[in-house]
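Working through the structure, step by step
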Amino acid sequence: MRYSLASLLRQACSGHRGWAPAWRDAVPKSAYEVVIVGGGGHGLATAYYLAKVYGLTDVAVLEKGGIGLGNAGRNTTIIRSNYLLPGNNPFYELSMQLWEGLERDLNYNVMVSQRGVLNLFHSDAQRDACVRRGNAMRLHGVDAELLDAVAVRRMLPFLDFENARFPIQGGLLQRRGGTARHDAVVWGYARAASGLGVDILQHCEVTGLLREGARVTGVRTTRGDIRAAKVAVSVAGHSSRVAAMAGLRLPIESHVLQAFVSEALKPLLPCVVTFGAGHFYVSQSDKGGLVFGGDLDGYNSYAQRGNLPTVEDVCSSGMALMPAIGRLRLLRSWGGIMDMSMDGSPIIDRTPLAGLYLNAGWCYGGFKATPAAGLCFAHLLAREESHERARAFRLDRFATGHLLDEKGQGPQPNLH
Amino acid sequence: MRIDCPFCGERDYSEFAYLGDADCPRPAPGAEDALQRFIDAVYLRENPAGAHRELWYHEFGCRSWVRVTRDTRTHEILEVRLAGEDAGP
Ligand SMILES: Cc1cc2nc3c(=O)[nH]c(=O)nc-3n(C[C@H](O)[C@H](O)[C@H](O)COP(=O)(O)OP(=O)(O)OC[C@H]3O[C@@H](n4cnc5c(N)ncnc54)[C@H](O)[C@@H]3O)c2cc1C
Ligand SMILES: [Zn+2]
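Residues numbered from 1 in each chain as written. Chains lettered and ligands numbered in written order. Predicted model: local features only at pLDDT ≥ 70, side-chain atom pairs only at ≥ 80, totals over all residues. Heavy atoms only, no water.

Here we take up the interface of chain B and chain A. Taken together, the 25 residues of chain B in the interface contact 27 residues of chain A. Remark: the boundary between chain B and chain A carries one salt bridge. Close ionic contact of R249 of chain A with D40 of chain B constitutes a salt bridge, the shortest N to O distance being 4.0 Å. The tally of links between chain B and chain A comes to 14 residue pairs in polar contact (both at pLDDT 80 or more). Contributing elements (two or more residues each) for the side of chain B that touches chain A: β3 (17-21), α1 (34-43) and β4 (51-57) of chain B. (Contact = heavy atoms within 4.5 Å. Salt bridge = Lys/Arg side-chain N within 4 Å of Asp/Glu carboxyl O. Polar contact = N/O pair within 3.5 Å; in protein donor to acceptor, adjacent residues only side chain to side chain. Helix = DSSP H or I, 4+ residues; strand = E, 2+ residues; numbered from the N terminus.)

Set out below in structure tokens:
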């Protein structure tokens, strides 16, 4: 069913009893052309673009739980393309452009809100880094504006500008950045992919790979064996676990990142703001809650929950930035497991095993990447070559030295 | 999470700095396949869901390096030793 004003009015007049399920919960067939492992945003987007752009519809998405219950449903929903490196920036800009047309493309309201993303700076060195990044963005045709403290104060008068250690000197603003509704992204891609014939298989955990010599020919799952010409792994925080089934070790550690939401407030924050002196980022949801997060807990984890020192650290960064939130109560906090790569950048590539493809290493930044990662992974699967915007995301770059280290932190995943 | 430092006793993990996997020792630079071994040691990780041997530095305590065995699924700490002690078999 196409969603439109007419369909809404029709349903409203008949008591909303006629809505059909948005997508089809399929039963596994014994074989597919492409099996995608992982029903998060990336896996579902890959399936959608395989069907829509590359005409491959004999595709299944296998999800061990329910779709969208991993990071896709746990992130802080920030979208932006304010990257520095030439290997990264054009990719994230492609994603931003896809976000800008996504609702029409999917016929689904994913609530893209280009309210702006503002990165604050608090020292001359940080200002220089922001100028450099802003210039790099503009050279790639991406919007970036440098704001001085007066301009920031006009936008966000309640920030602590006179903080003795971290006075706010200004910020780098990407007006086209903002937020999107994470659950809606999952459901929008699932509905659109399912409508094009893709099978979505829930509660179907991949437990092993079927192999003929060095070629992967399918997957072993909790719902039986499924053969496939191509197996595409898109399991976010669990990439190392699935790679281990193929005997591969990845340049990845799994880490827990926590996020928080406060009780609802009247409209306060007009944009996404990041604090430059500590790690803290915040936006206000349409329901009014402040949605925020900060650093990783910092140790390997598959637990999907973090520890209290991080909660304290994130909240004290928030207080340093906007003291007005001191009496606000937290509504909820949660954690998600992300694959932190050794240079902080992702991997979309073939693996040493024929028939096995990898989309991994998305760290904190994978939500904004969902549309472009789906498109580029689909391109790799369909065309057997990297998409032109994702050429730098190679698995062998760690051996060849072509690292994509935005922050220059070196091979220490918990610092990216 | 509390780490039972062999020197200081049980302390909150926030007194410690995390380095990572304890089982990727620096290869001998003279080995024939040294290049590949260095790539493995610097970049590739087992990243297990379960027991993980890892190095922590007791920064706000005795400043010892400790080798912690911890279950990455539950954060339960299974064993703590000084990093210099024999790793066992
Ligand atoms: C707290 C938090 C905040 C974040 N904030 C942002 C943000 O503001 N902006 C941004 O861009 N990014 C953000 N991210 C990162 C982003 O959420 C992830 O990088 C991205 O969602 C990962 O892709 P995905 O949606 O496909 O992952 P997921 O939704 O995690 O999908 C992977 C799926 O694979 C499934 N799976 C795993 N193993 C198997 C198996 N063996 N068999 C079958 N299925 C399997 C999992 O159940 C899961 O559903 C955040 C992450 C977290 C945790
Ligand atoms: Zn100690």
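Bringing the domain arrangement of chain A into the picture now. Residue and element names in this part refer to chain A. The domain boundaries assigned to chain A delineate domain 1 (23-81 + 83-108 + 182-251 + 343-415) and domain 2 (117-177 + 253-341). One C-alpha centre belongs to domain 1, the other to domain 2, and the line joining them spans 27 Å. Each partner contributes to the interface: domain 1 provides 33 residues, whereas domain 2 provides 34 residues. A combined buried area of about 3,000 Å² lies between domain 1 and domain 2, and 56% of that area is made up of carbon and sulfur atoms. (Domains from an automatic or database assignment. Buried area = accessible area lost by both parts, 1.4 Å probe.)

Residue and element names in this part refer to chain B. The zinc ion (ligand 2) binds to the protein through C5 (SG), C8 (SG), H58 (ND1) and C62 (SG); the donor distances cover 2.1 to 2.4 Å. Of note is the zinc ion (ligand 2), whose four donor atoms meet at the metal with angles of 101 to 120° in an arrangement that counts as tetrahedral. Counting along the primary sequence, the residues that act as donors to the zinc ion (ligand 2) give the motif C-x2-C-x49-H-x3-C. With C5 in strand β1 (residues 2-5) and C62 in the loop between β4 and β5 (65-71), this pair connects stretches of sequence that are 57 residues apart. (Donors = N, O, S within 2.8 Å, 3.2 Å for Na, K, Ca; no water. Tetrahedral: all angles 85-135°; square planar, octahedral: opposite > 155°, others 65-115°.)

As a further point, take the side chain of E253 of chain A. Structurally, E253 of chain A can be placed in strand β12 (residues 252-264). There is no salt bridge for the buried E253 of chain A, and the closest opposite charge comes from R45 of chain B, which lies 4.0 Å off by N-O distance. In contact with E253 of chain A, not counting residues within four places along its chain, are N300, M338, D339, M340 and P413 of chain A together with Y18, G20, D21, R45 and N47 of chain B. (Buried < 20%, exposed > 50% of the residue type's maximum accessible area, 1.4 Å probe, protein only. Lys, Arg positive; Asp, Glu negative; His and termini not counted.)

What follows covers the layout of surface pockets. To find leftover empty space, one rolls a probe the size of a water molecule over the atoms. All names here are of chain A. In this structure, the second largest pocket encloses a volume near 580 Å³. Lining of the second largest pocket is provided by 27 residues; of these, R181, H182, S285, K287 and V291 occupy positions nearest its centre. Classifying every residue of the lining of the second largest pocket gives seven nonpolar, 12 polar and eight charged. Counting residues domain by domain, the lining of the second largest pocket receives three or more from each of domain 1 (23-81 + 83-108 + 182-251 + 343-415) and domain 2 (117-177 + 253-341). (1 Å grid on protein atoms, 1.4 Å probe; cavity = no way out; pocket = protein on both sides within 12 Å on 5 of 7 lines; lining within 4 Å. Points joined across faces, edges and corners; volume = space filled by probe spheres on them. Nonpolar A, V, L, I, M, F, W, Y, C, P; charged D, E, K, R; others polar.)

All names here are of chain B. Buried residues dominate β5, accounting for six of its seven residues. Judged from the five bridges that link them, β5 and strand β6 (residues 77-82) form a sheet pairing that is antiparallel. Looking across to β6, one finds that R67 is bridged to R81. Counted along the chain from β5 to the antiparallel partner β6, the turn is five residues long, and its residue H75 has a positive phi close to 70°. (Pairing = 2+ DSSP bridges.)

Moving on: helix α2 (residues 41-52) of chain A. Every α-helical turn comprises 3.6 residues, leaving residues that sit three or four positions apart pointing alike. All names here are of chain A. Its 12 residues give α2 an end-to-end C-alpha distance of 16 Å, which sits within 8% of 16 Å, the value for a rise of 1.5 Å per residue. Burial analysis of α2 places 11 of its 12 residues in the buried class, which makes it a mostly covered element. Taken together, the buried positions of α2 are G41, H42, G43, L44, A45, T46, A47, Y48, Y49, L50 and A51. (Expected span 1.5 Å × (residues − 1).)

Okay, a nonpolar patch on the surface next. All names here are of chain A. A cluster of nonpolar side chains, contributed by M1, L5, L8, L9 and W19, occupies part of the molecular surface with about 520 Å² of accessible area. Within the secondary structure, L5 sits in helix α1 (residues 5-13). For L5, a relative accessible area of 63% corresponds to the exposed category. (Patch = residues over 30% accessible without salt bridge, like charges linked within 9 Å, V, L, I, M, F, W, Y side chains within 5 Å. Areas by Shrake-Rupley, 256 points an atom, 1.4 Å probe, with all protein chains shown as cover.)

Before going further, it helps to examine the sheet that holds β4 of chain B. Residue and element names in this part refer to chain B. Spatial strand order, β3-β4-β5-β6: four strands in an open sheet with antiparallel pairing. Because the sheet does not close on itself, it has two edges, and the strands there are β3 and β6. Each strand axis lies, on average, 25° off the axis of its neighbour in the sheet, ignoring direction. (Axes fitted to C-alpha atoms, helices over the stretch in contact; angles between N-to-C directions.)

When pLDDT is averaged across chain B, the result is 94; 96% of the residues are at 70 or more. Across the interfaces of the predicted complex, the ipTM metric reaches 0.95, alongside a pTM of 0.97. (pLDDT = per-residue confidence, 0-100.)

Residue and element names in this part refer to chain A. Contact pair helix α3 (residues 89-106) / helix α9 (residues 370-383): the axes reach a minimum separation of 7 Å and the direction vectors enclose 110°. On the basis of their axis angle, the class for α3 and α9 is roughly perpendicular. Listed contacts from α9 to F91, L94, S95, L98 and W99 of α3 are T370, P371, A372, A373, L375 and C376. The residue inventory of the contact of α3 with α9, partitioned by class, reads nine nonpolar, two polar and no charged. (Parallel < 35°, antiparallel > 145°, perpendicular 65-115°, else oblique.)

Attention shifts here to the environment of A45 of chain A. Residues and elements named next belong to chain A. For A45, the position within the fold is in helix α2. Counting along the chain gives 140 residues from A45 to V185, while the straight-line C-alpha distance between them is 8.9 Å. With residues near it in sequence (within four places) discarded, A45 still touches Y189, T370 and G374.

All names here are of chain A. Judged by nonpolar contacts, the single largest core of 57 residues is most densely connected at F91, Y189 and I348. Going through the elements one at a time, β1 (31-37), α2, β2 (59-62), α3, α6 (182-195) and α9 are the ones with two or more residues in this core. With eight residues, α9 is the largest single contributor of residues to this core. Residues in contact with I348, not counting those within four places in the same chain, are F91, L358, N359, W362, A373, C376, F377, L380, A390 and F393. In terms of nonpolar packing, the next biggest core, distinct from the first, is built from 34 residues, V231, A243, L356 and L358 among them. (Core = buried A, V, L, I, M, F, W, Y, C linked by side-chain atoms within 4.5 Å.)

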